[in-house]
Amino acid sequence: MAGYCGKFLRVNLSTGEIKEEKLDLAMAKKFIGGRGLATYILSGEIKPGIDPLDSANKIIFATGPLTGSRAPATGRHMVVTKSPLSGTVASSNSGGFWGAELKRAGFDLIIVEGKSEKPCYISIKDGAAEIKDAEKYWGKLVSEVTDGLVEESGDPKCRVLCIGPAGEKLSMLAAVMNDTYRAAGRSGVGAVMGSKNLKAIVVRGTGRMVPAEPEQTKKVLEEVRKKIKENDVTAKGLPTYGTSVLVNVINEIGIYPTNNFQKSYFETADKVSGEALAEKYLVKNMACYGCPIACGRYSKVGDVEGEGPEYETLWAYSANCGVDDLAAVIKANKWCNEYGLDTISAGATIACAMEMYEKGIIKPDEIDGPPLEFGSSEAIVEWSRKMGASEGFGAKLALGSYRLAQEYGVAELSMSVKKLELPAYDPRGVQGHGLQYATSNRGGCHVRGYMISPEILGIPEQLDRFSLEGKALWVKMFQDLTAVIDSLGFCLFTSFALNVDDYTDMFNSIVGEEWEPGRLLEAGERIWNLERMFNLKAGVTPESDSLPKRLLEEPIPDGPSKGQVHRLSELLPQYYKERGWDEQGIPSGTRLSMLDIA
């Protein structure tokens, strides 16, 4: 079947049974694939209220129908489970090559259930799969595991997905890593793998995707590639400076969170910008599967080298921790990659601890490492290592900023939504993006509806970032479109140059359908509402559609956005109305029926 392999793997680690099952193609298309299909499966196979680290939880590794196709930037896959960090549905996205390799091996997705008695890994090659012993890899860093498994496989072209020590130790911030440096970073998905004693999944495939309409696909892709090549963001900004091209842009308008969101302008941001990285430490650009953008950075500081850091990582460890030492940020990023940590949450948790230390809440005699002081290069590097190893006070940090602050009675100092740490944009100075933070189905996330695009970058049109007018509808549309992009298997960065018509044309020609753009967006809305219903059943109430108190009540103290607070109380009712939900934020029966959600 064009676009879909038509089958998936079900691996029960408790019994050791591996089953190949037929994909329900009608259901797959109803939820597109990837994020949508995996969420549908998860919702039907687990009880939303279970403990995420219980063996009854399942973890799904899913590709979209266009993952691994000839369409540009289609190397994405999703890791979907119930989040141990937030208690919400977790759908964490990653790039690289692993997802495309799974597709080449003949599978649309893998459902992993149960728990192995001892460390194991799953080996998949061209339709055949087996569970193998991984005891010798337990406790190893991500690069060691990846290199070891590639060597053990005997095939240098195989692709490795794994967890580091953070996942083994059930850190709430643990990522699932693939291709050494790529991460399904957010929501603590690595801890779910660790709870199952699953160290890695090694994949090798030699199959190829064949589009349903080859000539039409060729024509459509020529036009799409032309748009990407002519767009300033995808053809100039991202290839030249990577995602960190945004550092100076966001700082200069005063929404670059500094010292745990106490300020929103970092005076020495230029020292840790994309331009500085390119000048001092960049070795080469890196691209994921089929990507013409190549936004990845490969950097080197002394004997420390590897991919990254990305924009969010640069911010989390620099401005948010008051550090303008780019070399230290690169080293902290390296520890996160090796231990398998979400760099956003890791840096943000250290920033939260720094504020608590600054205020005398965390005492000097409680910590067994460098003083947690804003501006300390030593602190961000060493505490990242200790957090990854769950060593000493690092074990407390490994629980995330919310649980850390809550333990000391100051949960309000955690800059998080639904316990997931906020990324690198102060919502007080960008109203639509703040609404997206508050309503995101996985918590404080920027890539569930990237309102920075219209409110700052002017894509597809320039919106007034301080205005509330129309923002609720814009957020809904961006959230629905993002669900589509994630489920198809595209990189979100393609949306800087492409629109829903382009995604529809590619889907139709490759899969062999005749959908209108509205049908694709309706599927995105269906996915969003399905996630919402999972969260409600899991006990994540609409009261969690909020922002930290600081961002609602304390005006930005200085800089270009001085005096701004987020006006969530005015926007949220409008958002619920646009969604067709009741005044309490519960999807109405009419809307669920319209979307064909049982």
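Residues numbered from 1 in each chain as written. Predicted model: local features only at pLDDT ≥ 70, side-chain atom pairs only at ≥ 80, totals over all residues. Heavy atoms only, no water.

Side note on the side chain of histidine 446
Here histidine 446 shows up in the loop between helix 17 (431–439) and helix 18 (452–457). On the basis of relative accessibility, which here comes to 10%, the residue histidine 446 falls in the buried class. In this structure the side chain of histidine 446 is engaged in a polar contact, spanning 3.1 Å, whose partner is the side chain of glutamate 312. Residues contacting histidine 446, with those up to four places away along its chain left out, are Glu312, Ile344, Pro423, Tyr425, His433 and Tyr437. (Helix = DSSP H or I, 4+ residues; strand = E, 2+ residues; numbered from the N terminus. Buried < 20%, exposed > 50% of the residue type's maximum accessible area, 1.4 Å probe, protein only. Polar contact = N/O pair within 3.5 Å; in protein donor to acceptor, adjacent residues only side chain to side chain. Contact = heavy atoms within 4.5 Å.)

A few points about the sheet that holds strand 13 (residues 282–286)
Pairing between sheet strands relies on hydrogen bonds along the backbone, with the strands arranged either parallel or antiparallel. Sheet architecture is open: three strands sit in the order 13-14-15, paired in antiparallel fashion. The open sheet is flanked by strand 13 and strand 15 (304–307), the only strands paired with a single partner. Averaged over neighbouring strand pairs, the angle between their axes works out to 10° when direction is ignored. Of the strand pairs in this sheet, strand 14 (residues 296–301) and strand 15 are connected by four bridges, and their pairing is antiparallel. (Pairing = 2+ DSSP bridges. Axes fitted to C-alpha atoms, helices over the stretch in contact; angles between N-to-C directions.)

Description of the packing of aromatic side chains
By the definition in use, this model includes 18 aromatic pairs. Ring centres 6.2 Å apart and planes at 90° place the aromatic pair tyrosine 181 and tyrosine 298 in the edge-to-face group. Highlighted residues: tyrosine 181 in the loop between strand 10 (176–178) and strand 11 (182–184) and tyrosine 298 in strand 14, separated in sequence by 117 residues. With centroids separated by 5.9 Å and ring planes inclined at 75°, the aromatic side chains of tyrosine 425 and tyrosine 450 adopt a geometry described as edge-to-face. With tyrosine 425 in the loop between strand 17 (420–421) and helix 17 and tyrosine 450 in the loop between helix 17 and helix 18, this pair connects stretches of sequence that are 25 residues apart. (Phe/Tyr/Trp six-rings, centres within 6.5 Å; stacked < 30°, edge-to-face > 60°.)

What to know about the packing of helix 7 (residues 214–230) against helix 8 (residues 232–241)
Helix-helix packing is described using two parameters, namely the angle between the two axes and the distance between the axes. Contact geometry for helix 7 and helix 8: axes closest at 4 Å, N-to-C directions at 50°. The angle between helix 7 and helix 8 falls in the class oblique. Where helix 7 abuts helix 8, its residues Ile228, Lys229 and Glu230 lie against Asp232, Thr234 and Ala235. Of the residues that constitute the contact of helix 7 with helix 8, the class distribution is two nonpolar, one polar and three charged. (Parallel < 35°, antiparallel > 145°, perpendicular 65-115°, else oblique. Nonpolar A, V, L, I, M, F, W, Y, C, P; charged D, E, K, R; others polar.)

Some thoughts on the domain arrangement of the chain
Domains assigned within the chain are domain 1 (7–204), domain 2 (239–417) and domain 3 (427–594). The C-alpha-based centres of domain 1 and domain 3 are spaced at 26 Å. Approximately 2,900 Å² of surface area, both sides summed, lies buried where domain 1 meets domain 3, with 65% of it carried by carbon and sulfur atoms. Of all residues in domain 1, Ile32, Arg35 and Leu66 give up the largest surface area on contact with domain 3, accounting jointly for 25% of the area buried on that side. Counting across the interface, domain 1 meets domain 3 through three salt bridges. (Domains from an automatic or database assignment. Buried area = accessible area lost by both parts, 1.4 Å probe. Salt bridge = Lys/Arg side-chain N within 4 Å of Asp/Glu carboxyl O.)

Considerations on the pattern of salt bridges
Oppositely charged side chains may form a pair once their charged atoms are brought near each other. If you walk through the whole model with that rule in mind, you get 44 salt bridges. Residue aspartate 342 pairs with arginine 186 through a salt bridge whose shortest N-O separation is 3.0 Å. Of this pair, aspartate 342 sits in the loop between helix 12 (326–339) and helix 13 (343–358) while arginine 186 sits in the loop between strand 11 and helix 6 (189–195), placing them 156 residues apart in sequence. Arginine 186 matches aspartate 342 in its accessibility class, with the two residues each being buried. Linking glutamate 382 and arginine 385 is a salt bridge whose minimum nitrogen-to-oxygen distance equals 2.8 Å. Taken as a pair, glutamate 382 and arginine 385 lie in helix 14 (residues 377–389) at a separation of three residues, close to a single helical turn. Look at glutamate 382 and you get partly exposed, because its relative accessible area is 25%.

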